[in-house]
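The lines below spell out each chain.
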Amino acid sequence: MTVAPVHTRGETPAEARARVGALARRFGWNATSFQVLEPGYRYFFPDDDACVAYVDTGWAWVAAGPPLADDARLAAVAATFVAAARAAGRRACFFGTEERFTTLAPLAHLLVGTQAVWDPAQWNETLAASRSLREQLRRARAKGVRVRPLPVDVLGTATGDAIAALVDRWHRAHELAPLGFLARAAPLPSLPDHLLFVAEQDG
């Protein structure tokens, strides 16, 4: 078992995140799966085929979503993580999970909220069934809002700086609770194969 604050096996933080990214591509189904690549997480690797991203609060290891692992191993990896936290003098919990995890891992759980879900493959049906959504799209077009894809190397460009400033303004206007590590908006540090889009008005 390996417990590392950011990296392990002599890896740099970027190499560790790349390894976690590969696991997220293989096993990531939770809404938080790719958020664990943002700065601020520690990574628990029970082996090469599983990872738990977490934050150490000083009294607990709070995992960001379920483990990145094969479904058949979710319960075992979760139990290993809990045992490692206990050995380190910490409690453990998994925050921001979904029913798929609570069904497979026999842990006590509590519903604290729900999230909106939509399937891009059913966009036409969704649009046809929602008059209010069609109206919002009409208003956006009338106001000259346009959407375009962004290159993955947008960081450091004028567009990237503008997005970073917008996100910063949003953060300052919306004070986050202590668990803000899963409510943070950090869209730019992404994987190379992610698709990024920007909605613009008047440039």
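Calculation notes
Residues numbered from 1 in each chain as written. Predicted model: local features only at pLDDT ≥ 70, side-chain atom pairs only at ≥ 80, totals over all residues. Heavy atoms only, no water. Core = buried A, V, L, I, M, F, W, Y, C linked by side-chain atoms within 4.5 Å. Buried < 20%, exposed > 50% of the residue type's maximum accessible area, 1.4 Å probe, protein only. Helix = DSSP H or I, 4+ residues; strand = E, 2+ residues; numbered from the N terminus. Patch = residues over 30% accessible without salt bridge, like charges linked within 9 Å, V, L, I, M, F, W, Y side chains within 5 Å. Areas by Shrake-Rupley, 256 points an atom, 1.4 Å probe, with all protein chains shown as cover. Salt bridge = Lys/Arg side-chain N within 4 Å of Asp/Glu carboxyl O. Phe/Tyr/Trp six-rings, centres within 6.5 Å; stacked < 30°, edge-to-face > 60°.

Novice: Just checking my understanding: could you explain the nonpolar core for this structure?
Specialist: Generally speaking, a soluble globular protein has its nonpolar side chains buried in company with each other. Counting 18 residues, the largest nonpolar core has Val20, Tyr41 and Tyr43 as the members making the most contacts within it. Elements represented by at least two residues in this core include exactly helix 1 (13–27), strand 2 (42–47), strand 3 (50–56) and strand 4 (60–64). In this structure, Ala50, Ala78, Phe81 and Ala84 belong to the second largest nonpolar core, which totals 16 residues.

Novice: So what exactly am I meant to see when it comes to a nonpolar patch on the surface here?
Specialist: Side chains of Val147, Leu195 and Phe197 sit close together on the surface and give an oily, nonpolar patch of about 370 Å² of accessible area. Position of Leu195 relative to the elements: it lies in the loop between helix 6 (158–173) and strand 7 (196–201).

Novice: How should the pattern of salt bridges be read in this particular structure?
Specialist: This structure, assessed with the given rule, holds nine salt bridges. Note that Arg26 and Asp49 form a salt bridge whose closest N and O atoms lie 3.1 Å from each other. Of this pair, Arg26 sits in helix 1 while Asp49 is found in the loop between strand 2 and strand 3, placing the two residues 23 residues apart along the sequence. Judged by its relative accessible area of 52%, Arg26 is exposed. Residue Asp49 is classed as partly exposed on the basis of its relative accessible area of 37%. With a shortest N-O distance of 3.0 Å, Arg100 and Asp71 are connected by a salt bridge. Taken as a pair, Arg100 in helix 3 (residues 99–104) and Asp71 in the loop between strand 4 and helix 2 (74–87) lie far apart in primary sequence, 29 residues in all. Classification of Arg100 as partly exposed rests on a relative accessible area of 39%.

Novice: Help me understand the environment of Ala88, please; the structure alone is not making it clear to me.
Specialist: Mapped onto the fold, Ala88 is located in the loop between helix 2 and strand 5 (91–95). C-alpha separation for the pair Ala88 and Trp61, spaced 27 residues apart in sequence, amounts to 9.5 Å.

Novice: Is there a simple way to explain the packing of aromatic side chains in this structure?
Specialist: Centre-to-centre distance and the angle between the planes together describe a pair of aromatic rings. All told, the structure shown has seven aromatic pairs when counted by the stated rule. For the ring pair Tyr54 and Phe81, a centre distance of 5.5 Å and an interplane angle of 65 degrees mean the geometry is edge-to-face. Residue Tyr54 is found in strand 3, and its partner Phe81 is found in helix 2; the two are separated by 27 residues along the sequence. By relative accessible area, Tyr54 is classed as buried at 1%. Here Phe81 falls in the buried class, since its relative accessible area comes to 0%. Arranged with centres 5.2 Å apart and planes meeting at 55 degrees, the rings of Phe94 and Phe101 form a pair that is tilted. Residue Phe94 shares its accessibility class with Phe101, and that shared class is buried.

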